[in-house]
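Understanding the architecture of this molecule
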Amino acid sequence: MKQGEVIKVSGPLVGARGMDGAQMYEMVRVGELRLFGEIIEIRHGNYSIQVYEETEGVGPGQPVFRTGEALSVELGPGLMGGLYDGVQRPLDVLQRDFGDFIVRGAERPALGREKIWKFQPAVAAGALVEPGDILGTVQETTLVVHRIMVPAGVRGRVAQIAPVEGNVETEVAVIETDKGSVPVKMYQRWSVRHPRQVTRKFPPIEPLTTGQRVIDMFFPIAKGGTACVPGPFGSGKTVVQHQLAKWSNADIIVYVGCGERGNEMTDVLMEFPELKDPDSGQPLMERTVLIANTSNMPVAAREASVFTGITIAEYYRDMGYSVALMADSTSRWAEAMREISGRLEEMPGEEGYPAYLGSRIASFYERSGYVQCLGSDKRQGSLSLIGAVSPPGGDLSEPVVQATLRVVKVFWGLDDKLAFARHFPAINWLTSYSLYQSVIDKFAAEHVDAEWPKQRTLAMNLLQREAELEELVRLVGLDALAAGDRLTLLASRMIREDFLHQNAFDERDTYTSLRKQFEILATILHFHAAAKDALRDGVLLPDLLEMPIFEKIARLRLLAEDALPEFENVRTEITAALAALPRQVAVLAEAAVSEP
Amino acid sequence: MITSREYRTAKQVYGPLVLLESVEAVTYGELTDISTGNGERRRGRVLEINGDKVMVQVFEGTSGFAPEDLKVKFLGKGMELGVSEDMLGRVFDGFGRVIDDGPEIIPEKWLNVNGSPINPWARDYPNEFIQTGISTIDLLNTLVRGQKLPIFSGSGLPHAHLTAQIARQARVLKSDDKFAVIFAAMGITFEEAEFFIEDFRRTGALARAVLFVNLADDPPIERIAVPRMALTTAEYLAYEKDMHVLVILTDLTNYCEALREISAARKEVPGRRGYPGYLYTDLSTIYERAGRIKGRRGSITQLPVITMPEDDKTHPIPDLTGYITEGQIIMSRPLHMRGVYPPVDVLPSLSRLKDKGIGAGKTREDHANVMNQLYAAYARGVNAKELAVVLGESALSPMDLRYVQFAEAFEQRFVRQGEHENRSIEDSLRLGWELLALLPKTELKRIKDEFIEKYYPATQAGTAAKA
Ligand SMILES: Nc1ncnc2c1ncn2[C@@H]1O[C@H](COP(=O)(O)OP(=O)(O)O)[C@@H](O)[C@H]1O
Ligand SMILES: [Mg+2]
């Protein structure tokens, strides 16, 4: 193997010489311990290498071995349910072979070679195929059929194909091309810095439903869309990401724990195998890949982890699946870039971040999309990206938030005041937004209820009116409000406490279908409308403010998914309870009802 | 590998750093022995190597250094600590050297103090309830074995008392496991250190404690080593000797200032408020050493103390800490001024691991519900109180007024407790219910009906519910 020599060490950055011919982003092994590294700068025969492992003990004169290959991942059956570090080392295997702590220089293939898979052809010998065409399938988990695709750049006639059993190295087909015959294995390698190709992109049309009421109803994300979750620590970024990983209706989940807590990954690892997919009843782990480069793991591998994750996600999208990737947190990724940039002595931009911060973030989110995949069957896939952002001190004006907001279409702004009051998810309904709303409205009106867009608008208007009224109350006190406004406050409080508030740790509350979301909201709005009428008919405000039926409204969210008829009953009860209240004709004039 | 080489080629001394030239075959992170002209010896560590130039960080500072007099010996290994069970009951300096009257420690083995990251696959999720006897922690911000839960304090606030009280009272229900306390002092005053040592001595905890002490007048750069010494010892006791180790790290603010000093001397591009951009990563290599490992009996629980400069939670030190640790206990100056001990600011405090450590079989079935309700009610009461300050109490609805009363009672009866008052979780729950009974049952939306029926105090129920 060709080799060079270490001349410089500064934390995760190693300088080397004597590596002529080595390329940008080539993988190398550094020092006697053969630590993983990647070339990230070349100047006059000096090579800068970011090293994915702790560099203690590395010094000048030690060898640097070239590999001739760019930083790549293995793509094939066996990814699902896996836990990898930032450069796709299988952490379960490392633990088995090297112990409970991460040792340096440990090397194991990402896809286990012991595991035997059954390949079932989907085309016959003689078929003409192009890149992306599905040659056959492997049942990867109970939830995922793995489609073995013709690799990029390969076009021709299938010369050999048959059902086979074997590990990922097994040849499943041979394709006769212009340039000779190309054997296709069950897995392929792909350089993480290069996006995988698609035929074309479409604008998103379908919601990525999440079962989270504030998201699906007010700030929805589309399949193939992008969203960010910024917020100070403790405001609920990770819980939002976990909830999406659990309950969103994507076929495949890639969860990247980027520079965050070790225990949060353990949490996922222990919980997901126990949780069942709401549609299929299968363990959620069967559709999930985890990338864990926790905060205390080497910082350069943290930089790579996001690329590793997204390449795996693109690969499943290429099979025609809807894939969602969560990155927690993109700020740690940006900080890793900053640290490496600083050591390269690049000219710092804002807050020490490199000048290319914005373009790196943009090119990450650009890898999302609702697409037509490569392949003659014109199948469609999607890749949705959801990034947590951890702004210092919760200050949204900082560079990572700003660069992110320029490119993402959904903003779920987390608010620590709401979190302190234990209103979760602490998504601020006044500042958050979704640019997919009209698209999703159309979808929901068709698939859930024609009234969906109207109800949503009514509810949002109430919430906005509440904020104005609260300002007013702060100035003049509650008593100065008209009865109709008091009713508005009551109804918006119900929306907040009985609809928006959702406890991720309650078995029932953790997930709500679109149908049930609609029913809860419709019931609250039904109360509001009927109570307005009652006021007009002479019912006194104090009688309206404390009604036993409220308790039923408050517990709607805890009803089972199949208890949908119950909502109609509650609405009937509301009507009856209001009708039963005493009316005083004299106060009719006073009960001026202001529209929200 | 060459084991030890000596150089007299120091050319520059600036801040805590020494720069040598014409040096060969050193490695990153290597430990050095530096002797000055008058024979004094100090410790250093290689921070950067560029060709034959080597930058060394000196733990005891560079005062009295003349480059031409320096002899720098490279020891061919990283920073290590000799560990043994005999460390229990002993006092060390920030570099792990014995400073009490006892004999030298005969190490069972030497460990690199930087440790290695725990493989996330090997972690076991912390879920064992630790009863600290403090209501605001046990009921609202539950501590579990293997958690890292910092105390965000301010200068002059009683964090030392609270930390000592936790160390004194902490126990796991139904368990007789071996435990140990590791106390790591970084730049704190002699009095504060004495307060802890005296408390450990009085309660007999000293025999099960290991102390690493770097005081305010000890070398600042040595503070970089202190938490690593402490945690290396903790890992040894927890994972090799099956002990449940509580590590008290005080005060991380001083640690971060030492880091900033080095960063400034290296002329690195500063991040916020002059702290280096890698502060987050550096802190995580300390905090993430808390935890549990599958198949091993021991655990490491961390209680780091941070004094927030100007009581500002958004200052980089508490901010980055909060992003790494599993929650935070925040102390409130206004509560302290009103004479409430412990002045725990409940609303912004948080234990992220509480959910898996509480409930039936661990604490009690209604724990989570009561906790959520107390939070929501207190938040509303505090809000209403603020409103009343502006507009007068007459501006509040009758219900809001009840919340104000609730908030006051909550601070005086629930938050406040004696420094030696050790409340069981049952006591804290009972107290919680008593306070919730100040509100009508219909307000208790976060509590399941069955629990209201079972636990809502009978005496006040009638009056409160009808109102
Ligand atoms: N939807 C939710 N339901 C219940 N509790 C929540 C919810 N979201 C957040 N929390 C609480 O807030 C804490 C902090 O949330 P987390 O997502 O870890 O914050 P962040 O990642 O922003 O620091 C959690 O440990 C949990 O106690
Ligand atoms: Mg988080």
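For clarity, every value in this text was computed on a predicted model and none was experimentally measured.

What follows covers the site of ligand 1. Residues in contact with ligand 1 amount to 17 residues; listed here are only the nearest, Gly234, Lys237 and Val239 of chain A together with Arg352 and Lys354 of chain B. One finds residues of chains A and B in close proximity to ligand 1. In the model, an oxygen atom of ligand 1 is placed 2.7 Å from a nitrogen or oxygen of the Gly234 of chain A main chain. Between ligand 1 and Arg352 of chain B there is a distance of 2.5 Å, counted from an oxygen atom to a side-chain nitrogen or oxygen. Only α3 (237-247) of chain A together with α9 (354-357) of chain B provide two or more residues apiece to the shell around ligand 1. Of the residues that constitute the shell around ligand 1, the class distribution is 7 nonpolar, 6 polar and 4 charged.

To continue, consider the packing of helix α10 (residues 367-391) of chain B against helix α11 (residues 398-415) of chain B. Residue and element names in this part refer to chain B. Interaxial distance between α10 and α11 falls to 7 Å at its minimum, and their mutual angle equals 115°. Taken together, the axes of α10 and α11 lie roughly perpendicular to each other. Relative to α11, α10 is oriented so that their crossing is left-handed. Where α10 approaches α11, its residues Leu374, Ala377, Tyr378, Arg380, Gly381, Val382, Ala384 and Lys385 are matched on the opposing element by Met399, Asp400, Tyr403, Val404, Phe406, Ala407, Glu408, Phe410, Glu411 and Phe414. Residue composition of the contact of α10 with α11, grouped by class: 12 nonpolar, 1 polar and 5 charged.

Further remarks concern the pairing of strand β6 (residues 63-70) of chain A. When strand β1 (residues 3-10) of chain A meets β6 of chain A, the two strands line up antiparallel, connected through 3 bridges. Within the sheet, the bridge partner assigned to Gln3 of chain A lies in β6 of chain A and is Phe65 of chain A.

The strand order across the open sheet built from 3 strands is β13-β12-β15 (chain B), with neighbouring strands paired in antiparallel fashion. In this open sheet, the two strands that pair with only one neighbour each are β13 (143-144) and β15 (171-172) of chain B.

All right, on to the packing of aromatic side chains then. This model, assessed by the stated rule, comprises 27 aromatic pairs over all chains. Taken together, a centroid distance of 6.4 Å and an interplanar angle of 15° make the contact between Trp452 of chain A and Phe518 of chain A stacked. Pair noted here: Trp452 of chain A is in helix α11 (residues 452-476) and Phe518 of chain A is in helix α13 (residues 514-536), with a separation of 66 residues, a long-range link. Between Trp433 of chain B and Tyr456 of chain B, the aromatic rings sit 6.5 Å apart at their centres with planes inclined by 80°, giving edge-to-face as the arrangement. Of the two residues, Trp433 of chain B sits in helix α12 (residues 425-436) while Tyr456 of chain B sits in the loop between α13 (449-455) and α14 (458-466), which places them 23 residues apart along the sequence. Accessibility classification places Trp433 of chain B together with Tyr456 of chain B in one group, the buried group. Aromatic rings pair up to connect Phe307, Trp333, Phe364 and Tyr365 of chain A into one cluster.

Definitions and limits used
- Residues numbered from 1 in each chain as written.
- Chains lettered and ligands numbered in written order.
- Predicted model: local features only at pLDDT ≥ 70, side-chain atom pairs only at ≥ 80, totals over all residues.
- Heavy atoms only, no water.
- Near = heavy atom within 4 Å.
- Polar contact = N/O pair within 3.5 Å; in protein donor to acceptor, adjacent residues only side chain to side chain.
- Helix = DSSP H or I, 4+ residues; strand = E, 2+ residues; numbered from the N terminus.
- Nonpolar A, V, L, I, M, F, W, Y, C, P; charged D, E, K, R; others polar.
- Axes fitted to C-alpha atoms, helices over the stretch in contact; angles between N-to-C directions.
- Parallel < 35°, antiparallel > 145°, perpendicular 65-115°, else oblique.
- Left-handed = near helix turned anticlockwise from the far one by under 90°.
- Contact = heavy atoms within 4.5 Å.
- Pairing = 2+ DSSP bridges.
- Phe/Tyr/Trp six-rings, centres within 6.5 Å; stacked < 30°, edge-to-face > 60°.
- Buried < 20%, exposed > 50% of the residue type's maximum accessible area, 1.4 Å probe, protein only.

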